[in-house]
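Report on the structure
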Amino acid sequence: MDKAYTPKDEEKIYKSWVDAGIFTPKVPKDPIKARAKKEPFTIILPPPNANNPLHAGHALFIVEDIMVRFHRMLGDPTLWLPGTDHAGIETQFVFEKQLQKEGKSRFDFDRDTLFKMIFDYVTKNRDVAKNQMKRLGFSLDWTREKFTLDEDHIKRIYAVFRRMVDEDLVYRDEKIVNYCTFCGTAFSNLEVIHKTVDSHLWYLKYPVVGEKDRFVTVATTRPETMLGDTAVAVNPKDPKYQDLKNKKLLLPLADREIPIIFDDSIDMEFGTGAVKVTPSHSAEDYDLAKKHDLPFIRIFDYNGKSNEQVPQKYQNLYPNQVRQSVVDDMQSIELLEKTEDYSHEVGHCYRCGRPIEPMTAPQWFVKIKPLSDEASKAVQKDEIVFVPKRFKKSFLTWMKDIKDWPISRQIVWGHRIPVWYDLAQNLQAKITFINKKGEVITNIWSKLSSNIETGFYSFEEIKQGLQVLLVPINKNDQGEVAGVYYSETEANQHGKYILQETDTFDTWFSSGQWPYSTLGWEPDSNHSPDFLYFYPTSVLDTMWDILFFWVARMVIFGLYVTKEVPFKVAHMHSRVTDSKGQKMSKSKGNVIDPVTIVDQHGADALRMALVFGIAPGSDVAISDDKIRAQRNFVNKIWNASRFIDMLIDRLKEKNPAIDISLPFIKGRDGEAERGLVDQEILTQLNKIIQSTTKNINKYHFGQASEDLYHFFWNQFCDIYIEKAKDRGEDVVPVLLTVLLNSLKLLHPFMPFVTENIFQYFKQKYPNFSSEEFLAISSWPKPYEV
RNA sequence: GACCUUGUAGCUCAGUUGGUUAGAGCGCUUCGUUGACAUCGAAGAGGUCAGAGGUCCGAGUCCUCUCAAGGUCACCA
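If you're wondering where the values come from, they're calculated on a predicted model, not measured in any experiment.

Before going further, it helps to spend a moment on the overall build of chain A. Regarding its fold elements, chain A presents 25 helices and 28 strands. The C-alpha extent of chain A, read off along each of the three principal axes, is 115 × 60 × 50 Å. A burial count over chain A gives 56% of its 785 residues as buried. In chain A, of all internal contacts separated by at least 6 residues, the share reaching a separation of at least 24 is 78%. Carbon and sulfur atoms make up 50% of the accessible area of chain A, which totals about 34,300 Å². Here chain A contributes 101 positively and 108 negatively charged side chains, and the mean placements of these two sets differ by 3 Å.

Encoded structure:
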């Protein structure tokens, strides 16, 4: 053995595990029966972004590896299933930045071409994260690796979508959504970050129709949206406005008459007690408008600029430009009463940081309430147990106030929504495509199809060059949506000019179905043996920041589709921070790359540093000091083993007949009487076996690792081995016994060094263990002392 | 605005259902080790467990309040 441990063999060891197939569980012939008899231990790895290298946070998946290796050693059939995520918006955003460097943008390509380009780009990077996980020692079953854009997965989520449509749980509607005009897509509430913005409250005077010099003053934070006002609302109890019933106001600048509506929801105390109502650009105004049947005027377009709904002079401007003009003009006609300083919360895009423009847009939604109720019930009944417990409450609170989930995204990188429109029934469909000359053409189908104004384009040319298809909500007399089909075949039977929806699913619509999809749930109920055997899974472990994004959606989908919870335990681990407890970020320059640490000190040191002495759910500060300390511990284990090896060699020199075919068994014939030191270390060993087992079962990995550290270093090395230096061959059985058991107990935490030493001793001392790998050796049980 | 979490040695944090002199790693002090150990070993300094009150035979651990820090959620003009 070398004088000091070097992690140079880690990759070789990992390969030997994989080659031996020990991470690949066998599925019995009758999986249902087998599962009833003994339930496998299963974890589905939260799929990292296929395009990105791992960051320090991913390294915390070692808690999954600890559980998985532990259960494998307990003899449970164990599966840890790996995969990667296409990570829709994230990846497209990164790719577009790449394009930008080449002086191009997404608008230069048709949809299919752009998708293929991103696919190639991601494919090139996909193995990076995979290899990094191997470096970290993750005992994943690579034979079952999955990707969110695998055909099987696509087929399954399409089938679920179809089922949701049929069961009226998915609908398409033009509602107010969070729209980022820079990213060019709608977002769910979760993707909106609220920031406090110092702004103003502008008091605008709207003249009362038919009454000279009479005005209603409204206070607003968004004067630019007044051009889209369709009412002013006041509280029916408000004495100030009692005589305004049935009166109308003249909307300045736009010169439109708008009604005054009365609604209890209006706060009489705020501002003037009168609120301008802009149904197309404010969520609460949207609700008011629905209630009072007001018209909708959307004044900003999806490109972020004002449209033809506003007077000419305000057209084609960004909101802040419109704001400036509106305020100036209102002032010049003396309709700006006053301006006050005011700070309030404004939604910003989590991705690009720009303000979100709430606006009405046709989108696909999931009717969430019936689904979330089921999820809440299951969690309430502890069919899913949260670790730490406090996340149960957050989960339930969030579920209670959940709103319908907009699942369509106006990006190409993702699962294209499986909906086909018959253009003949949707003449107003707006089509953007690149023609053969490479020009971007936008027009509505009625014009394109009749070649009016547009010149002649064959349908093939349009279809091939298609960028965006925007079909207005089109309901027929019966209130049914016309010309919409949920399979291509079906659509083709009805029409000649068929185009598929260009929107894609929210990434979480796909990853929310990850557990059952990766295991082989089939829409026709002809499920795979894997699914029958491993589902529901045992534990889901992830960082708490995607509790709502992902964990909640998996629970919802799992219960809806399989009628079972997707996992029984939701273990929320925490964030890895720098040595001062600061969140890692590129801008702070405190990002730690896990693989760099593995290169320097080995995976074991990093793994141990990440769990040593941490409490469940609390942040994990990682520092050089901590890693060095654990690197020293790795070396300590190595050197203690090496010393034991040397000691036995020395004893053998003195007495070649010494029997080293142990290990320790109580009452073995001819065994020397054990001294008190032996009793003591064996008692300690028993305690550590029990406490480690208990702590891992309770997810107290920090405690378990700390106890092991002290047992091995202080009890075994400092006391027992020190005393063994002065003793004879009678120490050998106990030395080997404690060493072997320590290696086993430490293995889930530090798989490489322990397997390395195990293989060395196994080779040199044939009876050290009959087990092929430490990774599949039996978990220790207490000894009789 | 609602909810959650945290406040323990110089730093980063443990302390599982309340039970004798409060722990670890790193750092610091002294001594010793060059035949297991990129060191290691032995000994040690250092905390009124944020503050106040309460429950209890007994509280860092449970309850209330105060102060401080962080986080999550939220359509208020």
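So, on to the sheet that holds strand 13 (residues 336-349). Strand order in the open sheet made by the three strands is 8-7-13, with antiparallel pairing throughout. Each edge of the sheet is formed by a strand with only one pairing partner; in this case those strands are strand 8 (215-220) and strand 13. In this sheet, neighbouring strand axes are inclined to one another by 20 degrees on average, regardless of whether the strands run parallel or antiparallel. Alignment of strand 7 (residues 192-207) against strand 8, held across six bridges, turns out to be antiparallel. Across the sheet, residue Lys205 finds its bridge partner in strand 8, namely Thr217. Contacting strand 7 and strand 13, helix 9 (residues 319-332) crosses the sheet at an angle of about 25 degrees to strand 7.

Our focus in this paragraph is unusual backbone geometry. Of note, the bond from Val387 into Pro388 is cis; its omega dihedral lies within 30 degrees of zero at -5 degrees. One can find Pro388 in the loop between strand 15 (385-387) and helix 11 (390-400). Tyr535 connects to Pro536 through a cis peptide bond whose omega is -5 degrees. Take Pro536: it is sitting in the loop between helix 17 (529-534) and strand 25 (537-543). Its identity as a non-glycine residue notwithstanding, Ala87 has a phi of 50 degrees, on the positive side. Within the element layout of this structure, Ala87 appears in the loop between strand 3 (83-84) and helix 5 (88-101). Residue Ser525 is not a glycine yet carries a positive backbone phi of 70 degrees. By secondary structure assignment, the location of Ser525 is in the loop between helix 16 (514-519) and helix 17.

What follows deals with the sheet that holds strand 10 (residues 248-251). Judged by pairing direction, the sheet is mixed, and its four strands sit side by side in the order 10-11-9-12 without closing on themselves. One side of each edge strand has no neighbouring strand; the edge strands of this open sheet are strand 10 and strand 12 (274-277). Averaged over all pairs of adjacent strands, the angle between their axes in this sheet comes to 30 degrees, without regard to strand direction. The pairing of strand 9 (residues 231-234) with strand 12 spans four bridges and is antiparallel. Counted as the bridge partner of Ala233 is Val275 from strand 12. Helix-sheet contacts for helix 8 (residues 283-292) involve strand 9, strand 11 (256-262) and strand 12, and the interaxial angle to strand 12 is about 85 degrees.

Before going further, it helps to examine the packing of aromatic side chains. Per the stated rule, a full pass over the model turns up 50 aromatic pairs. A ring pair is formed by Phe161 and Tyr486, whose centres lie 6.3 Å apart and whose planes are at 55 degrees; its orientation type is tilted. Taken together, the residues span a long stretch of sequence, with Phe161 in helix 7 (residues 151-166) and Tyr486 in the loop between strand 22 (484-485) and helix 14 (488-494) at a distance of 325 residues. An angle of 85 degrees between the planes, with centres 6.5 Å apart, marks the rings of Tyr516 and Tyr535 as edge-to-face.

All told, the structure shown has 49 salt bridges when counted by the stated rule. Salt-bridge contacts for Lys155 lead to Glu522; the nearest nitrogen and oxygen are separated by 3.3 Å. Pair noted here: Lys155 is in helix 7 and Glu522 is in the loop between helix 16 and helix 17, with a separation of 367 residues, a long-range link. Judged by relative accessible area, Glu522 falls into the buried class, the value being 15%. The network of salt bridges with shared partners includes Asp2, Lys8, Asp9 and Lys12.

Another aspect to go through is the confidence of the model for chain A. Scored by pLDDT, chain A has a mean of 90; 97% of the residues are at 70 or more. Counting contacts from residues 665-672, a segment whose pLDDT is below 50, to residues more than four positions away or on other chains yields ten contacts. Overall fold confidence (pTM) sits at 0.93, and the ipTM for the predicted complex is 0.93.

Surveying the vicinity of RNA strand B reveals 47 residues, the closest of which are Lys3, Tyr5, Phe270, Asn639 and Trp713. Ser618 places a side-chain nitrogen or oxygen 2.6 Å from a phosphate oxygen of RNA strand B. Asn639 is positioned such that a nitrogen or oxygen atom in its side chain is 2.2 Å from a sugar or linking oxygen of RNA strand B. Of all the secondary structure elements, the ones that give two or more residues to the surface near RNA strand B are strand 8, strand 13, helix 11, helix 21 (624-654) and helix 23 (701-724). Among the elements that make up the surface near RNA strand B, the one with the highest residue count is helix 21 (twelve residues).

Time to look at the packing of helix 20 (residues 603-611) against helix 21. In the contact formed by helix 20 and helix 21, the axes pass within 8 Å of each other and the chain directions differ by 120 degrees. Here helix 20 lies oblique to helix 21, going by the angle between them. With respect to the hand of their crossing, helix 20 and helix 21 are arranged in right-handed fashion. Facing helix 20, whose interface residues are Asp604, Ala605, Met608 and Ala609, helix 21 presents Lys626, Ile627, Gln630, Arg631, Phe633 and Val634. Among the residues making up the contact of helix 20 with helix 21, the classes are represented as six nonpolar, one polar and three charged.

As a further point, take the pairing of strand 7. Bridge analysis of strand 7 against strand 13 gives 13 bridges, and the strand direction is antiparallel. Each residue of the ladder has a partner; that of Leu201, found in strand 13, is Glu340.

So, on to the packing of helix 10 (residues 369-380) against helix 11. Relative placement of two packed helices is described by the angle separating their axes and the distance separating the axes. Two elements in contact, helix 10 and helix 11, have axes whose closest approach is 9 Å; the angle formed by their N-to-C orientations is 160 degrees. For the element pair helix 10 / helix 11, the angle class is roughly antiparallel. In this structure, helix 10 meets helix 11 at a crossing whose hand is left-handed. Together, Lys369, Ser372, Ala375, Ser376, Val379 and Gln380 of helix 10 and Lys392, Phe395, Leu396, Met399 and Lys400 of helix 11 make up the contact between the two elements. Across the contact of helix 10 with helix 11, the residue classes tally to five nonpolar, three polar and three charged.

For helix 4 (residues 62-74), spanning 13 residues, the distance from its first C-alpha to its last is 18 Å, which sits close to the expected 18 Å at 1.5 Å a residue. With twelve of 13 residues buried, helix 4 lies mostly within the body of the structure. All of the buried residues in helix 4 are Ile62, Val63, Glu64, Asp65, Ile66, Met67, Val68, Arg69, Phe70, His71, Arg72 and Met73.

With that settled, consider the side chain of Thr432. As for its placement among the helices and strands, Thr432 is situated in strand 19 (residues 430-434). Assessed through its relative accessible area of 14%, Thr432 is described here as buried.

Below, the discussion takes up the side chain of Glu64. On the secondary structure map, Glu64 appears in helix 4. The side chain of Glu64 is buried and forms no salt bridge, while Arg72, the nearest opposite charge, is found at 11 Å. Excluding residues that lie within four positions of it along the chain, Glu64 makes contacts with Ile43, Ile44, Leu45, Pro46, Trp80 and Asp541.

Procedures and definitions
- Residues numbered from 1 in each chain as written.
- Chains lettered and ligands numbered in written order.
- Predicted model: local features only at pLDDT ≥ 70, side-chain atom pairs only at ≥ 80, totals over all residues.
- Heavy atoms only, no water.
- Helix = DSSP H or I, 4+ residues; strand = E, 2+ residues; numbered from the N terminus.
- Buried < 20%, exposed > 50% of the residue type's maximum accessible area, 1.4 Å probe, protein only.
- Contact = heavy atoms within 4.5 Å.
- Areas by Shrake-Rupley, 256 points an atom, 1.4 Å probe, with all protein chains shown as cover.
- Lys, Arg positive; Asp, Glu negative; His and termini not counted.
- Charge placed at Lys NZ, Arg CZ, Asp CG, Glu CD.
- Pairing = 2+ DSSP bridges.
- Axes fitted to C-alpha atoms, helices over the stretch in contact; angles between N-to-C directions.
- Phe/Tyr/Trp six-rings, centres within 6.5 Å; stacked < 30°, edge-to-face > 60°.
- Salt bridge = Lys/Arg side-chain N within 4 Å of Asp/Glu carboxyl O.
- pLDDT = per-residue confidence, 0-100.
- Near = heavy atom within 4 Å.
- Polar contact = N/O pair within 3.5 Å; in protein donor to acceptor, adjacent residues only side chain to side chain.
- Parallel < 35°, antiparallel > 145°, perpendicular 65-115°, else oblique.
- Left-handed = near helix turned anticlockwise from the far one by under 90°.
- Nonpolar A, V, L, I, M, F, W, Y, C, P; charged D, E, K, R; others polar.
- Expected span 1.5 Å × (residues − 1).

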